[in-house]
Amino acid sequence: MSLPLIIVPVFNAFEELEACLDSVSRTMSSDTKVLVIDDASTDERVQPFLQSWVNEKNENRQLLVHDLNRGFVATVNHGMRRAQTDVVLLNSDTEVTGSWLQNLAACLGSDDTIATATPWSNNGEIVSIPGFCVANPVPGNPENIASLIKSCGQPLYPEMPTAVGFCMAISRRAINRIGLFDEKTFGLGYGEENDFCQRAEQAGMRNVLCDDSYVVHHGGASFGPLGLKPGEQSMQKLLAKHPDYLQKVSEFIKNDPLASRRGQILDCLERSGVGMR
């Protein structure tokens, strides 16, 4: 099983970045490839740290540095253009856990119709656990939680209306079929992953939860301090392309089709003495 290329877009958020790349180092196998793209960070600590991190394993790690800030969408598109494989877009305010990448690779490879896969997270909107659609606190034992989630029954890969951008695995099949993120429409960011997922659906593909994987998301770091928030303008751009998007998401939240699987996992965790509730 070939592993996806990990693409980490970076803009400042130095402390979160250190924790993110440290977790990637701990969990990556010898054949894991990582592309880090510094989108003209203004924090002078960022570039030397990234260069040092890449030099540790320079055969599998690559650093690109933008001279001018291009924004999130252009940055990840830059990375995806350089890839010939599946990719995982990993925010720099995340911390990954053991076997996360292998789990996502297995999910993408399980069905040719899968376009995107997103893991569970403490802070991942519709993939949040234990609380649904809330920012749960970062747990003190994420590795234990991830290991137990992995062992809690066979993955079902339930379908969702959209991936969630903190950790978004994308199949090469989907990129080849529908292209990259819509840079022209979504500019500096917010809404681009939802648009991509809707385009994938329209092309007969699916967006799923990788329900045997878990990634911590701190949230609000990296590109956040630029003042870019998912506001009315971003939503209007998305709805102009996909008028039924809000209805789809609202129905998904109302019906909560992940409730049974989420409950099964929480029961497994509690029986093991690793409660999240």
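Right above here is the structure, for reference.
Please read these numbers as outputs of a predicted model, since none were measured by experiment.

**Q** Would you explain the overall build of the protein in this entry?
**A** For the protein, the count of helices and strands is 11 helices and 10 strands. Taking 2.2 N^0.38 as the reference for a compact globule, 277 residues should give roughly 19 Å; the C-alpha atoms of the protein span a radius of gyration of 18 Å, in line with that estimate. Dimensions of the protein, computed from the C-alpha atoms along their principal axes, are close to 50 × 45 × 35 Å. Across the 277 residues that make up the protein, the buried fraction comes to 57%. Across the protein, the fraction of contacts at a sequence separation of at least 24, relative to all contacts at a separation of at least 6, is 82%. Put simply, the protein shows about 11800 Å² of open surface, and 49% of that area lies on carbon and sulfur atoms. In the protein, the 24 positive side-chain charges and the 34 negative ones have mean positions that sit 5 Å from each other.

**Q** Sorry if this is basic, but what is going on with the packing of aromatic side chains here?
**A** Aromatic rings in a pair are described by how distant their centres are and how their planes are angled relative to each other. Across all of its chains, the model carries 2 aromatic pairs by this definition. Seen from their ring centres, F181 and F196 are 5.5 Å apart, and the 75° between their planes marks the pair as edge-to-face. With a gap of 15 residues between them, F181 in the loop between α6 (172-178) and α7 (183-186) and F196 in helix α8 (residues 192-202) connect regions that are remote in the sequence. F196 matches F181 in its accessibility class, with the two residues each being buried.

**Q** For this particular structure, what's the right way to read the state of the cysteines?
**A** By definition, a disulfide links the sulfur atoms of two cysteine residues through a covalent bond. Enumeration according to the criterion identifies 1 disulfide in this entry. One disulfide in the model links C152 with C268; its S-S distance is 2.1 Å. Taking the sign of the S-S torsion, 70° for the link of C152 and C268, the bridge is right-handed. Residue C152 is located in the loop between α5 (142-151) and β7 (159-160), and its partner C268 is located in helix α11 (residues 259-271); the two are separated by 116 residues in the primary sequence. Free cysteine C167: the closest other cysteine sulfur is in C210, separated by 8.8 Å. A residue is classified by how much of its surface remains accessible, and C167, at 0% relative accessible area, is buried.

**Q** Quick question: what am I supposed to make of unusual backbone geometry here?
**A** With the exception of glycine, most residues fall at negative phi, and the peptide bonds are largely trans. Between I129 and P130 the backbone carries a cis peptide bond, its omega angle lying at 10°. You can see P130 is positioned in the loop between β6 (114-120) and α5. Positioned with a positive phi, D256 is a non-glycine residue whose angle comes to about 45°. The exposure class assigned to D256 is buried, which follows from its relative accessible area of 15%.

**Q** Would you take a moment to explain the sheet that holds strand β8 (residues 167-170) for this structure?
**A** One open sheet accounts for 8 strands, arranged β3-β2-β1-β4-β8-β6-β9-β7; its pairing is mixed. Single-partner strands in this sheet number two, and they are β3 (61-65) and β7. Each of β1 (5-10), β2 (34-38), β3 and β4 (87-90) is contacted by helix α1 (residues 14-27), which is oriented at about 170° to β1, the strand it contacts most. Contacting β6, β7, β8 and β9 (206-214), α8 crosses the sheet at an angle of about 30° to β8.

**Q** Could you clarify how one ought to interpret the pairing of β1 in this entry?
**A** Taken residue by residue, a regular strand's side chains alternate between the two faces of the sheet. β1 sits mainly inside the fold: 6 of its 6 residues count as buried. Taking every second residue as pointing to the same face, both faces of β1 are buried, with L5, I7 and P9 on one and I6, V8 and V10 on the other. The pairing of β1 with β4 spans 3 bridges and is classified as parallel. Its bridge partner being in β4, I7 is matched across the sheet by L89. Here β1 runs beside β2; their pairing, made up of 5 bridges, is parallel. Bridge pairing in β2 places I6 opposite V34. Read from β1 through α1 to β2, the crossover connection turns out right-handed.

**Q** Please clarify how empty space enclosed by the protein should be interpreted in this entry.
**A** Remark: the empty space left among the atoms is shown by a probe the size of a water molecule rolled over them. Per the counting criterion, the structure on display carries 1 cavity of 30 Å³ or more. Here the largest cavity defines a volume of roughly 30 Å³. T97, G98, S99, W100, N103, A146, K150, D212, S213 and Y214 are the residues that line the largest cavity. Of all the elements, β9 adds the most residues to the lining of the largest cavity, at 3 residues.

Rules behind the numbers
Residues numbered from 1 in each chain as written. Predicted model: local features only at pLDDT ≥ 70, side-chain atom pairs only at ≥ 80, totals over all residues. Heavy atoms only, no water. Helix = DSSP H or I, 4+ residues; strand = E, 2+ residues; numbered from the N terminus. Rg over C-alpha atoms; globule rule 2.2 N^0.38 Å. Buried < 20%, exposed > 50% of the residue type's maximum accessible area, 1.4 Å probe, protein only. Contact = heavy atoms within 4.5 Å. Areas by Shrake-Rupley, 256 points an atom, 1.4 Å probe, with all protein chains shown as cover. Lys, Arg positive; Asp, Glu negative; His and termini not counted. Charge placed at Lys NZ, Arg CZ, Asp CG, Glu CD. Phe/Tyr/Trp six-rings, centres within 6.5 Å; stacked < 30°, edge-to-face > 60°. Disulfide = S-S within 2.5 Å. Pairing = 2+ DSSP bridges. Axes fitted to C-alpha atoms, helices over the stretch in contact; angles between N-to-C directions. Right-handed = clockwise from strand over helix to strand, strands pointing away. 1 Å grid on protein atoms, 1.4 Å probe; cavity = no way out; pocket = protein on both sides within 12 Å on 5 of 7 lines; lining within 4 Å. Points joined across faces, edges and corners; volume = space filled by probe spheres on them.

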